[in-house]
Amino acid sequence: MLKPALALFRRDLLLAWRQRGGAVPVLGAFVLMVVLFPLALGPDPALLARIAPGIIWVAALLATTITLDHIFASDHADGTLDLLVESPAPLAMHALAKAAAHWLVSGLPMVLLSPLLALMLNLPGHVYGTLMAGLLLGTPTLTLIGTVGGALILGARRGGLLLVLLVVPLYVPVLIFGAGAADAALNGLDAAPGLMFLGALLLVGLALCPLGAAAALRAALT
Amino acid sequence: MTSDADMPELRAQRPVSLANPTRFFRVANRLLPWLGAATAVLFAVGLYLSLIASPPDYQQSETVRIAYVHVPAAWMALFVYVLMAVASAVGLIWRHQLALMAARAAAPAGLVFTALCLATGSLWGAPMWGTWWEWDARMTSVLVLLFFYLGYVALIDAFDDPARGQLSASILCLVGAVNVPIVKFSVDWFHTLHQGATVFRLDGPTMHASMLAPMLVMAAAFTLLFFVVLLWRMRGLRARARIAAAAATAAAEGA
Amino acid sequence: MAAEGFDAWLAMGGYAAYVWPAYGLALVALVGLLLWSILGTRALERRAAKLRRTREEEQ
């Protein structure tokens, strides 16, 4: 049951690396969105430190979203998806494998790059740990929710724009708990509740999102 | 899978009470005039009670009258979403076209109720809290709900194949139904974290009967109006399916 | 109702600028929703009936 999903996972990583430039485009978008804020709001270090967690979280959320409209599109176009539906392994496992590969080339690089951006935004050092832990727990949930959205919009008119409308409202809890935890740490409060809620969301997402994505993929193929 | 298009004719022989579309629409059409009349009467009574017969609140004075449209709109915003989620689940599990149709027909009404709830809430907030918008837990949750409705309406019409749009939007509706309580919880948490400058409660300690009566009558009027709209829109969807079916047969004959 | 009472009622205790727009918006939204639903359905039903008639004539 695991073997086909693992094969799909490896294939997706390889494709991301060879065809889509790996993590470079999504990281570029992530950094650019963060850079826009000091340019718009001015370089006041105190202000930037105050809003840094929120900026980094919103940028990570939007960068994830814009990469997701193609998560199933090429597989849909070349018929891979039809084969996956026919395969004996459950479709939900395949969706999970695709989500994992997607997160490794988009979510994880953003987590690793976030300290650099925090540095540019003058975030105090003691918040780094919470920010990164939150992103580490939160970005996989973003990807998992996004897989459902990416499957729902397969073949839709103006799918990319539609995906933003569908997925961003679903991201609200992740954003609140993630940015909230970092904000709590920034203000010397306990960040643990926010991080725990993020972990809970990740578990719920792991359990439900692959099923939702599988249902949406079946709807796309009927 | 059967599409919307051939639904009424194919399923006409099924011996199931109101789940049978032909029978459903026959009963619905007989019901509609009565429902419409009852809605009009309830609105007349409700408006009389809320604008003329009820006293001003001792704290909120005359602005409390805004509540008689705001609160029913908020109730309907939630009620319609719950109804859509149940109908989508029934429609997805048993492939019941009538249930999917009901969910689809309800969505624009839910969207209107949600927008009305936000707009009237804003008009109430301006004199009472001194601000048109407050990032209060309830307002934020309703705002997110508005985006769920918008997403549903946008997704259902985004495909060339209407059956596909229907299926995808139903899945989205269920995903949203799981998410709505989580959003509500997270927004409550957000609110306690960012304790705002204005601390307030919408509802007073207890509600006097003179205020409860207009509220309930208006809520009943809103509910009946919703069902009138729902039945009309379902009829519209049936006509649309027939047009699509006719176009499909015409195309098949032409080829 | 006396003219004075009517004016007082219209003034809504000084909150006329908030109460009346709320009711006005509700009226526009709900009547609009109802008319949109009824007229839209009627138009679709007319088109469906016309299509059926042309098909019957063809046969």
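Asks: How should I be thinking about the overall build of chain A in this particular structure?
Replies: Helix and strand content of chain A: ten helices and zero strands. Of the regular secondary structure in chain A, the N- to C-terminal order runs α-α-α-α-α-α-α-α-α-α. By principal-axis analysis of the C-alpha atoms, chain A measures approximately 55 × 30 × 30 Å. Once local pairs closer than 6 in sequence are excluded, the contacts in chain A between residues at least 24 apart make up 82%. Carbon and sulfur atoms provide 74% of the accessible area of chain A, an area that totals close to 9400 Å².

Asks: I keep staring at a nonpolar patch on the surface and nothing clicks. Help me out?
Replies: Residue and element names in this part refer to chain A. Residues Leu36, Phe37, Leu39, Leu41 and Leu47 make up a contiguous nonpolar surface patch of roughly 460 Å² in combined accessible area. For the nonpolar patch, the element with the most residues is helix H2 (residues 24–41), which contributes four residues. Along the chain, the position of leucine 41 falls in helix H2.

Asks: How should I be thinking about the interface of chain A and chain B in this particular structure?
Replies: Interface size is commonly expressed as the accessible surface area that is lost when the partners come together. Counting residues at the interface gives 31 residues for chain A and 29 residues for chain B. Together chain A and chain B conceal approximately 2400 Å² of surface at their shared face, both sides included; 77% is due to carbon and sulfur atoms. The largest contributions to the chain A side of the interface with chain B come from Leu152(A), Arg157(A) and Leu170(A), which together make up 23% of the buried area. At the boundary of chain A and chain B, one finds one salt bridge.

Asks: Whenever I open this one, the packing of H2(A) against helix H3 (residues 45–68) of chain A confuses me. Can you help?
Replies: Each pair of packed helices can be summarised by the angle the axes make with each other and by the distance between the axes. All names here are of chain A. It is at 9 Å that the axes of H2 and H3 come closest, and there the two elements cross at 145°. Crossing angle aside, the handedness with which H2 passes H3 is right-handed. Between H2, through Val26, Ala29, Phe30, Met33, Val34, Phe37, Pro38 and Leu41, and H3, the contact on the second element is made entirely by Leu47, Leu48, Ile51, Ile55, Ile56, Ala59, Ala60, Leu62, Ala63, Ile66 and Thr67. Tallied by class, residues from the contact of H2 with H3 come to 18 nonpolar, one polar and no charged.

Asks: Just to check I follow, could you spell out the interface of chain C and chain B for this structure?
Replies: Contact residues are listed per partner, giving 29 residues for chain C and 40 residues for chain B. Roughly 3000 Å² is buried in total at the junction of chain C and chain B, and carbon and sulfur atoms are behind 77% of that figure. When the area that chain C buries against chain B is broken down by residue, the three leading residues are Tyr18(C), Tyr23(C) and Leu30(C), summing to 21%. Where chain C touches chain B, the interface holds two salt bridges. For the salt bridge of Glu45(C) with Arg235(B), the shortest nitrogen-to-oxygen distance reads 2.8 Å. On inspection of chain C and its partner chain B, the count reaches six residue pairs in polar contact (both at pLDDT 80 or more). A per-element tally of the side of chain C that touches chain B places helix H2 (residues 16–58) of chain C first, with 25 residues. Of the residues contributing to the side of chain C that touches chain B, the split by class is 21 nonpolar, three polar and five charged.

Asks: Looking at this structure, how should I read unusual backbone geometry?
Replies: Residues other than glycine predominantly adopt negative phi, and peptide bonds predominantly adopt the trans conformation. Phi at Arg158(A) is positive, roughly 50°, even though this residue is not glycine. By secondary structure assignment, the location of Arg158(A) is in the loop between helix H8 (128–152) and helix H9 (159–186). The class of Arg158(A) is exposed, set by a relative accessible area of 68%. With a phi angle near 50°, Arg95(B) is a residue other than glycine that sits in the positive phi range.

Asks: What am I meant to see in the confidence of the model for chain B here?
Replies: Atom-level detail of predicted coordinates should not be read off regions where pLDDT is low. Residue and element names in this part refer to chain B. Predicted confidence across chain B gives a mean pLDDT of 84, with 85% of residues reaching 70 or more. Here helix H1 (residues 7–10) stands out as the least confident element of chain B, with mean pLDDT 47; helix H3 (residues 64–93) is the most confident, with 93. A low-confidence stretch, residues 1–15 stays under pLDDT 50, and its non-local contacts, those more than four residues away or across chains, total 28 contacts. Segment residues 197–201: pLDDT under 50, and five contacts once partners within four positions in sequence are set aside and those in other chains are kept.

Asks: When you look at the pattern of salt bridges in this model, what are you seeing that I'm missing?
Replies: If charged atoms from side chains of opposite charge come close, those side chains can pair. Taken as a whole and judged by the stated rule, the model has eleven salt bridges over all chains. As a salt-bridge pair, Lys184(B) and Asp188(B) come within 3.2 Å of each other at their nearest N and O atoms. Of this pair, Lys184(B) and Asp188(B) both sit in helix H6 (residues 162–193), four residues apart, which is roughly one turn of that helix. Residue classification places Asp188(B) among the partly exposed residues on the basis of a relative accessible area of 34%. Put simply, Arg11(A), Asp12(A), Asp75(A) and Lys98(A) are held in one network by salt bridges that share partners.

Asks: Help me out: how do you make sense of the confidence of the model for chain A in this one?
Replies: Across chain A, pLDDT averages 90, with 99% of residues at or above 70. Mean pLDDT across the elements of chain A ranges from a minimum in helix H1 (residues 2–19) of chain A, with 82, to a maximum in H8(A), with 95.

Asks: Looking at this structure, I do not really get the packing of aromatic side chains. What am I missing?
Replies: Note on aromatic pairs: each is described by the distance of the centres and the angle between the planes. The tally for this structure, following the rule as stated, stands at 18 aromatic pairs over all chains. Look at Phe197(A) and Trp189(B): their rings are 6.0 Å apart centre to centre, the planes differ by 80°, and that puts the pair in the edge-to-face class. Of the two residues, Phe197(A) is situated in helix H10 (residues 192–221) and Trp189(B) in helix H6; the pairing between them involves two chains. The class for Phe197(A) is partly exposed, based on a relative accessible area of 26%. For Arg238(B), the ring lying beneath its charged end belongs to Phe25(B), and the centroid distance is 4.2 Å.

Asks: What am I meant to see in the environment of Ser54(B) here?
Replies: Its place among the elements puts Ser54(B) in the loop between helix H2 (21–53) and H3. C-alpha of Ser54(B) to C-alpha of Asp161(B): the two residues are 107 residues apart in sequence and 51 Å apart in space.

Asks: Would you mind going over the nonpolar core with me for this structure?
Replies: Soluble globular proteins tend to pack their nonpolar side chains together in the buried interior. Ranked by internal contacts, the top residues of the largest apolar core, which has 155 residues, are Phe30(A), Tyr152(B), Leu155(B), Phe222(B) and Met234(B). For this core, the element with the highest residue contribution is helix H4 (residues 97–129) of chain B, accounting for 16 residues. Beyond its immediate sequence surroundings of up to four residues, Leu155(B) is in contact with Leu152(A), Ile153(A), Leu162(A), Leu166(A), Gly165(B), Ser168(B), Ala169(B) and Leu172(B).

Asks: I'm lost on the side chain of Thr63(B) in this one. Help?
Replies: With respect to the helices and strands, Thr63(B) occurs in the loop between H2 and H3. You can call Thr63(B) buried: its relative accessible area is 0%. Leaving out residues up to four positions away in the same chain, Thr63(B) has contacts with Trp124(B), Pro127(B), Met128(B), Tyr15(C) and Val19(C).

Asks: Whenever I open this one, the environment of Gly22(A) confuses me. Can you help?
Replies: Residues and elements named next belong to chain A. For glycine 22, the location among the structural elements is in the loop between H1 and H2. The buried category is assigned to glycine 22, whose relative accessible area is 11%. Glycine 22 sits 82 residues away from leucine 104 along the chain, and the two C-alpha atoms are 9.6 Å apart. Contact partners of glycine 22, with chain neighbours within four places excluded, come to Ala16, Trp17 and Val105.

Reading the values: the criteria
- Residues numbered from 1 in each chain as written.
- Chains lettered and ligands numbered in written order.
- Predicted model: local features only at pLDDT ≥ 70, side-chain atom pairs only at ≥ 80, totals over all residues.
- Heavy atoms only, no water.
- Helix = DSSP H or I, 4+ residues; strand = E, 2+ residues; numbered from the N terminus.
- Contact = heavy atoms within 4.5 Å.
- Areas by Shrake-Rupley, 256 points an atom, 1.4 Å probe, with all protein chains shown as cover.
- Patch = residues over 30% accessible without salt bridge, like charges linked within 9 Å, V, L, I, M, F, W, Y side chains within 5 Å.
- Salt bridge = Lys/Arg side-chain N within 4 Å of Asp/Glu carboxyl O.
- Buried area = accessible area lost by both parts, 1.4 Å probe.
- Axes fitted to C-alpha atoms, helices over the stretch in contact; angles between N-to-C directions.
- Left-handed = near helix turned anticlockwise from the far one by under 90°.
- Nonpolar A, V, L, I, M, F, W, Y, C, P; charged D, E, K, R; others polar.
- Polar contact = N/O pair within 3.5 Å; in protein donor to acceptor, adjacent residues only side chain to side chain.
- Buried < 20%, exposed > 50% of the residue type's maximum accessible area, 1.4 Å probe, protein only.
- pLDDT = per-residue confidence, 0-100.
- Phe/Tyr/Trp six-rings, centres within 6.5 Å; stacked < 30°, edge-to-face > 60°.
- Lys NZ or Arg CZ within 6 Å of the ring centre and 35° of its normal.
- Core = buried A, V, L, I, M, F, W, Y, C linked by side-chain atoms within 4.5 Å.

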